Every structure is written in structure tokens, then in C-alpha cells.
Amino acid sequence: DQFGIKKSLEILGIKAENLGSSTGNTWIETKEESIASYSPADGSLIAKVQVGNQESYEAIISQASIAFEKWRSVPAPQRGEIVREIGNALREVKSDLGKLVSYEMGKSYQEGLGEVQEMIDICDFAVGLSRQLYGLTMHSERPGHRMYEQWHPLGIVGIISAFNFPVAVWSWNAALAWVCGDVCLWKPSEKAPLSGIACQKIAAKVFEKHGMPEGICSLIIGDYKVGELMSHDSRIPLVSATGSTRMGKLVGQAVGGRLGRSLLELGGNNAIIITENADMDMAIRGALFGAVGTAGQRCTSTRRLIIHSKVYEEVKTRLANAYSKLVIGNPLDEKNHVGPVIDQDAVIMYLEAISKVKSSGGKAVVEGGVLEGEGFESGCYVKPAIYEAENHFEIVQHETFAPILYLLKYNTIEEAIAIQNGVPQGLSSAIMTLNMREAEAFLSVAGSDCGIANVNIGTSGAEIGGAFGGEKETGGGRESGSDAWKAYMRRQTNTINYSSNLPLAQGIKFDI
Ligand code: NAD
């Protein structure tokens, strides 16, 4: 145990066998089978978690409904104080939780720490927000009348999250939902259940310390079947779901079918345009981290480079050179740049994508492959790869959640923007240029169609202060900063008449 995993698990309260249904500090036994969580870093079994079922789900929902009635009446700034303490509790275990995220999911330890930092940041953001859940006031057209709007909490917010940000996505949703007065039920990815259990223990302790009832933070471990219980349940007014477009379409339909609200954060197919006016050192660094960071498993990972024909060969050569220096290995060892992908299924998807790009006529710049031998026993380590391709290839139109980068060539900025927009997804995009006209064209109404558009920054690594999310098949949801909190509340318009008449709006006369 050279990286001190055992100690961190102990500090986080993870045992060999864990229950997976919780209303806070109460954990419910279900007699269902357990999910075994294996580390993609070294293939070892970390621990097991018992799956939730219909009964544990019902127990959680009924306790959450009771808790909502109390929590919604706690003044928002006091709710913010509790979220502040959750942020402080996260600060105390930052290295242990970062390590667990790294070990269970496979991202580098630095990125694991970054993910926990993101949780701390969103808690701080939510604390400030708890005094700023502003509504507008309007001028009434009627004398002696006042109009304003206020924002009220929704109730139970269901959070379904993906494996690749096993803890941060929960906090983006939960920290905001809590200050808004909602209670949360989280279903983490079945591929990273222990990270979920660790977070649940941290938050639940803080609520208990403040004498809050069980049910404000609930957790249920399970696969899509538990997710389906949530998306069909009209007791959950908002389902926030992060994951593949395939999943988002199913959840969106189920929630829409009952006219509930969904907040969807789905797949991306993110590109960087590298123009002839780019700072080339910056462009290469931005592309490199975007494409290979988290082994290509960020929703904002760079999947396509759209390169001006004049600098195409230079970019290709410099990238191939940079890729040759990448060190692949255990993500907890800080000398390695690239860790494993999540599991064997991800390796199969990676290999299939490579064979598809080749059969469409793509050419290898840096050839892919699965790594074998000492240190790679888990079978989840793959080589970051680069292929020359064309935007219309079916596989290029698709999000492959692995470190595969496609190089595409262009001649005019209009053409580059058309290629950037010419995919079904619309999450993150970037342009590398020192030319003001190119940068502004990219950001203009006729520019990028994505939820995120950056200049001289890569596609990945968003800050929590902005609203995060994307258009088209990315699902349209926005989370985290700016006014994303409004998704977690219902707006009420109030008109108050303090005159002694009852005039009707629009001057309508109705006298008897
Ligand atoms: P996934 O779609 O396989 O699973 C995501 C979650 O949805 C899991 O918790 C899973 O159990 C649940 N789920 C699956 N089918 C369901 C159904 N029918 N009903 C309800 N729940 C269901 O995704 P993944 O492999 O864990 O994650 C990778 C994907 O997530 C990528 O496409 C990535 O781009 C996307 N992602 C998007 C964002 C974003 O903010 N836009 C962030 C992170 C990841």
C-alpha cells in the first residue's frame, strides 16, 4: 500500500462491505447483491457496496419528504452556514478524498485533489448565494398595487451522476440545491460508488451536528434501474442527470412524460480551432492536456483539433513529439501524466473507435494500443492516440470516451467554425489565436454553438463561477455558477393590492 490507500479509506469510513442506501446517518440494509468496486489503477478490489432496491428507495423518499418540510423553513443564510461547514469538512479530508477518487476512478492524484477543491469552491459559492436568491420587483400598471417575484424551493432534487467526476458533480448540484431549500437524493455512478459513500458520510455528519432531520442528504447506490425509479417518480420535481446522451434521452423522456423538470449534462465532442495566428506553444499545451488529461474521460476533453492548413504540419509534428514524452502509469504516482480508463468496456470502446476511424480512411499520427506488462495488470491502460480524419466520419461525429484525438484541416475561419459546429453535441469549444477578428468571429452570433466557448484556453477545466453545460445533444442544462441556481427553485409572481378598488388588468371593465 505504497500510496496510503488503506489509511485514507479508514479516515473516510469506507469498510470492506458497505451499505448503499442512506437517509443521512442512517443506513438501510436491503439484502440485495453488492457491487464490487475495483480500482482501474491496479485491478484490486477496493470494497463492496450493497445495492439499493424499491423498499430502501421508498424509505428514503418518504424521509426526504418529511425533511423538506423542515429544511425549507430554515432561513437561507442559515442553510448557507451548514453548507459552509460541509466545505470545511471537505477541506479536512481533501487529500484522502482526492486519493480515493484517483484510486477508484483512475484520474491522476492532482486531478483528484482538483475535484475536491471544486467541491470546496462550490460550497463557498453557495454560502454567498444563500444571501442572494434574488427576485425582481416590477411596476404594476394598476394604482395602489405592487408586483414582485420570489423564488421558493422545489422539494426533492434527484441527482444522477457519471463515473468521471464521481464527487464534484454531486456538489455542484447539492450545494446549490441545499441553499435553495431543497433536499437531495443522489445516485452516484455504479462505477464509483465508494466515492459517493465517502461524500455522504461527510455531509450527513454536518447536518446531524446542526440537529437537522435525516433525509436532507440521501444516497442510493445502484445502476440504471435505480435511476429509472427516480426519473419516473413525480415526488421528485427535478432530476439532474449527468452522463451519456443515450442516458439523457431516456431520463429526459421519462421526466418529461410526467411534466417534471430535468437538468441534463450530457456528452460533448469538443474541438479546438488552431489558427495560423495562434501562440503555438500555448496551442500545443492546451491541446495536449485537453486530449490526454483524465485519459480523455472528461465531458470537456478535446476530441477534435481543427487546424489551419498553413500550420497543420507543424501542429502534427509538435503534438506527436509531445505525445512521445507522455508517461503512462498508476495515477497515484505523480510522475505519470496519464492513468487508466475506467474499465474493460472502456478499453473495448477505445479499440473499436480506432478500428472505425481507420476503416473510414483515417491515418495514424500516433498509433493507439493497450498496454501490457508490469504496472498495467488491470488491463485498463491505453496509449493516447492521434488520427488524421474528416469531420463527416461517423466515428468523429460520436463521443468516444477515451484519449483519441482527431486532426482536421481548414482554410477559412468560416469553414473552421462550420466544422466546429458540425457535430450533434454542443458542450465546449475553443479557439487559439492572437487575431482579434478571428476570436470575435468565433464568439459572435455566427460563431461557436456550444455552451462554453474559450479563447486561448483549451476546452477542459471550467471554473465553478460560470454556468456549466451545453447545447444540442449535450442536453441544454446549466449547473454551478452564474444564475444556475434558478433551476433548483420555482418562481412565484405576486401582485398585492393595497388600494380600496379592484381594477382589472388591461383596463377591462366588469361592473354589475
Ligand atoms: P452513463 O450514461 O453510462 O451513466 C451515467 C449515470 O446514469 C449513471 O449513474 C448510470 O447509472 C445512470 N443511468 C444510466 N442509464 C440510465 C437510465 N436509463 N435511467 C436513469 N439513469 C441511468 O455515463 P458514464 O459512462 O458514467 O459517464 C460518461 C458520460 O458522461 C460521457 O458521455 C460524458 O460526456 C458525460 N458527462 C457529461 C458531463 C457534463 O456536465 N455535460 C459531465 C461528466 C460526464
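Note that the structure is predicted; figures quoted are calculated from it, not measured.

What counts and how
- Residues numbered from 1 in each chain as written.
- Predicted model: local features only at pLDDT ≥ 70, side-chain atom pairs only at ≥ 80, totals over all residues.
- Pairing = 2+ DSSP bridges.
- Helix = DSSP H or I, 4+ residues; strand = E, 2+ residues; numbered from the N terminus.
- UniProt positions renumbered as here; feature names shortened; annotations may be inferred.
- Near = placed C-beta within 6 Å.
- Axes fitted to C-alpha atoms, helices over the stretch in contact; angles between N-to-C directions.
- Parallel < 35°, antiparallel > 145°, perpendicular 65-115°, else oblique.
- Left-handed = near helix turned anticlockwise from the far one by under 90°.
- Contact = placed C-beta atoms within 7 Å.
- Buried ≥ 20, exposed ≤ 12 C-beta atoms within 10 Å, placed from the backbone.
- Expected span 1.5 Å × (residues − 1).
- Arc of directions from axis to C-beta.

**Side note on the sheet that holds strand β3 (residues 34-38)**
- Strand order in the open sheet formed by three strands is β1-β4-β3, with mixed pairing between adjacent strands. At either margin of the open sheet sits one strand with a lone partner, and together these are β1 (17-18) and β3.
- The pairing of β1 with strand β4 (residues 45-50) spans two bridges and is parallel. Looking across to β4, one finds that Asn 18 is bridged to Val 49.

**What about the UniProt feature "active site" (unreviewed entry) in the chain?**
- Those places that UniProt annotates as "active site" (unreviewed entry) correspond, in this numbering, to Glu 265.
- Position of Glu 265 relative to the elements: it lies in strand β11 (residues 261-265).

**Notes on the site of the ligand**
- Inspection of the region around the ligand gives 29 residues, with Ala 162, Gly 227, Gly 243, Glu 265 and Cys 299 positioned closest.
- Of all the elements in the fold, those that place two or more residues in the shell around the ligand are α8 (224-231) and α9 (245-257).
- It is α8 that provides the largest number of residues to the shell around the ligand, a total of four residues.

**Some details on the packing of helix α4 (residues 94-105) against helix α7 (residues 193-209)**
- Relative orientation of the contacting elements α4 and α7 amounts to 160°, with a least axis distance of 9 Å. Between α4 and α7, the interaxial angle falls into the category roughly antiparallel. Read as a crossing pair, α4 and α7 show a hand that is left-handed. Contacts between α4 and α7 pair Leu 97, Leu 100, Val 101, Glu 104 and Met 105 from the former with Leu 194, Ser 195 and Ala 198 from the latter.

**Topic: the pairing of strand β12 (residues 270-274)**
- Buried residues dominate β12, accounting for five of its five residues.
- Burial along β12 is two-sided: the face carrying Asn 270, Ile 272 and Ile 274 and the face carrying Ala 271 and Ile 273 are both buried.
- Pairing of β12 with strand β13 (residues 302-308) involves five bridges; the strand directions are parallel. Residue pairing across strands places Ile 273 opposite Ile 306, the latter belonging to β13.
- Strand direction decides the pairing type here: β12 and strand β18 (residues 428-432), joined by four bridges, are parallel. Directly across from Ile 274, in β18, lies its bridge partner Met 432.

**Some thoughts on helix α3 (residues 76-92)**
- The end-to-end C-alpha separation of α3 is 25 Å, in line with the 24 Å expected for 17 residues at 1.5 Å each.
- Buried within α3 we find Arg 79, Gly 80, Ile 82, Val 83, Ile 86, Gly 87 and Leu 90. Looking down the long axis of α3, one finds its buried residues gathered within 160° of arc, a one-sided arrangement. Away from its buried face, by an angle of more than 90 degrees, α3 presents the exposed residues Gln 78 and Glu 92.
- For α3, the secondary structure elements touched by its buried residues are α4, α5 (109-129), α6 (168-180) and α7.

**Overview of the UniProt feature "domain: Aldehyde dehydrogenase" (unreviewed entry) in the chain**
- Those residues carrying the UniProt feature "domain: Aldehyde dehydrogenase" (unreviewed entry) are residues 27-493 in this numbering.
- Here residues 27-493 is 38% helix and 20% strand, with 40 Å between the C-alpha atoms at its ends.

**Some remarks on the sheet that holds strand β7 (residues 156-160)**
- Strand order in this open sheet of six strands is β2-β9-β8-β7-β10-β11, and the pairing throughout is mixed. Where the open sheet ends on each side, the last strands, each with one partner, are β2 (21-22) and β11.
- Note that β2 and strand β9 (residues 217-220) share two bridges and pair antiparallel. Pairing of Ser 21 across the sheet is with Ile 220, part of β9.
- Contacting β2, β8 (183-187) and β9, α7 runs over the sheet at an angle of about 155° to β9.
- Of the strands in this sheet, β7, β8, β9 and β10 (238-242) are in contact with α8, which crosses β8 at around 150°.

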